[in-house]
Amino acid sequence: DSGVTQTPKHLITATGQRVTLRCSPRSGDLSVYWYQQSLDQGLQFLIQYYNGEERAKGNILERFSAQQFPDLHSELNLSSLELGDSALYFCASSASVGADTQYFGPGTRLTVL
Amino acid sequence: AQSVAQPEDQVNVAEGNPLTVKCTYSVSGNPYLFWYVQYPNRGLQFLLKYITGDNLVKGSYGFEAEFNKSQTSFHLKKPSALVSDSALYFCAVRGSGTYKYIFGTGTRLKVLA
């Protein structure tokens, strides 16, 4: 158990809908990362927050957004969902930014029908 | 632009034999290099990292990796493979001038009894 929690574990929804994925980092970790893992794209870095501030942006679509709240939990919002958004979404946390080890949560499996 | 390559989709090795999983990278500035392992239906787990210092890095579960600056490689090795090492292995890199992490496409390691 990495100490990172993600909810929900599974999510099934329809095209055009909007969903919110939630992540609680390990106790004491200030950085949160979001990743998308799909069969055809591999593991893609989406976005990183550090202590509430966006620190780095990867291949995140404009339909997706994220935020980190004062209690350090983070949410990833996915809107206008398409079939191709079906994937495993991982959250990871680390103590700070940079060279720190990332601890991954168990993931949320999103299925868009 | 940053990139990381894992040239082998799958590596098969007999139990007790040494194993190598290859990784090459391209970044601006000094590289921060990581190896993670993913077991079925689980999040990624940290194995080891290279930040600076000794080119040979030792990590969890008997794994090690050698940083080779001239060849821009960071191959993962283990002297004696176990069946329980069978999993998906990811190499990741971050350049010193960015907070974006790039993950390789993963190499599936299969250790045969």
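These lines cover the structure that appears in this document, whether it is placed above or below. Fair warning: this is a prediction, and the values are worked out from it, not measured in the lab. (Residues numbered from 1 in each chain as written. Chains lettered and ligands numbered in written order. Predicted model: local features only at pLDDT ≥ 70, side-chain atom pairs only at ≥ 80, totals over all residues. Heavy atoms only, no water.)

Some words on the layout of surface pockets
Over the atoms rolls a probe the size of a water molecule, and its path tells where empty space is left. What counts is decided by this rule: Throughout, the protein atoms alone are placed on a 1 Å grid, and a set of points is a cavity if a 1.4 Å probe fits but cannot get out or a pocket if it is open with protein on both sides within 12 Å along at least five of seven lines; lining residues have an atom within 4 Å of a point. Grid points are joined across faces, edges and corners, and a volume is the space filled by probe spheres set on the points. Secondary structure counts use DSSP, requiring at least four H or I residues in a row for a helix and at least two E residues in a row for a strand, with both numbered from the N terminus. In this classification, Asp, Glu, Lys and Arg are treated as charged, Ala, Val, Leu, Ile, Met, Phe, Trp, Tyr, Cys and Pro as nonpolar, and every other residue, Gly included, as polar.
Of the pockets and cavities examined, the largest pocket occupies roughly 550 Å³. Gln37 and Leu39 of chain A together with Gln38, Leu88 and Arg108 of chain B are the residues nearest the centre of the largest pocket, which is lined by 19 residues in total. When contributions to the lining of the largest pocket are tallied by element, the ones reaching two or more residues are strand S4 (31-38) and strand S9 (87-94) of chain A together with strand S10 (87-95) of chain B. Here the lining of the largest pocket is built from residues that sort into seven nonpolar, eight polar and four charged. Here the second largest pocket defines a volume of roughly 280 Å³. Taken together, 14 residues form the lining of the second largest pocket, with Asp1, Ser2 and Phe104 of chain A together with Arg42 and Gln45 of chain B sitting closest to its centre. Elements with a minimum of two residues in the lining of the second largest pocket: strand S10 (103-104) of chain A together with strand S6 (44-50) of chain B. Per element, the largest residue contribution to the lining of the second largest pocket is three residues, and it comes from S6 of chain B.

As for the interface of chain A and chain B
Which entries qualify depends on this criterion: Two residues form a contact once any of their heavy atoms are found within 4.5 Å. A simple way to read buried area is as the amount of 1.4 Å-probe accessible surface that goes missing from two parts once joined, with both sides added. Any carboxyl oxygen of Asp or Glu within 4 Å of a side-chain nitrogen of Lys or Arg constitutes a salt bridge here. Here a polar contact means two N or O atoms within 3.5 Å. Within protein one must be a hydrogen donor candidate and the other an acceptor candidate, and residues neighboring in sequence count only if both atoms are side-chain atoms.
Every contact between the two is made by 20 residues of chain A and, on the other side, 17 residues of chain B. Both faces considered, chain A and chain B share a buried interface measuring about 1,600 Å² in area, 57% of it formed by carbon and sulfur atoms. At the junction of chain A and chain B, the tally comes to zero salt bridges. For the pair chain A and chain B, the interface holds two residue pairs in polar contact (both at pLDDT 80 or more). Those elements that provide at least two residues to the side of chain A that touches chain B are S4, strand S5 (42-50) and strand S6 (53-57) of chain A.

Overview of unusual backbone geometry
Residue and element names in this part refer to chain A. Selection rule: Three labels apply to residues, based on accessible area from a 1.4 Å probe with only protein chains included: buried if under 20% of the type maximum, exposed if over 50%, partly exposed otherwise in between.
At the junction of threonine 7 and proline 8, the peptide bond is cis and its omega measures out at -10° in the coordinates. Residue placement: proline 8 occurs in the loop between strand S1 (5-7) and strand S2 (10-13). Located in the positive-phi region is asparagine 51, a residue other than glycine, with phi close to 50°. Note that asparagine 51 resides in the loop between S5 and S6. Among the residues examined, asparagine 51 registers a relative accessible area of 48% and is labelled partly exposed.

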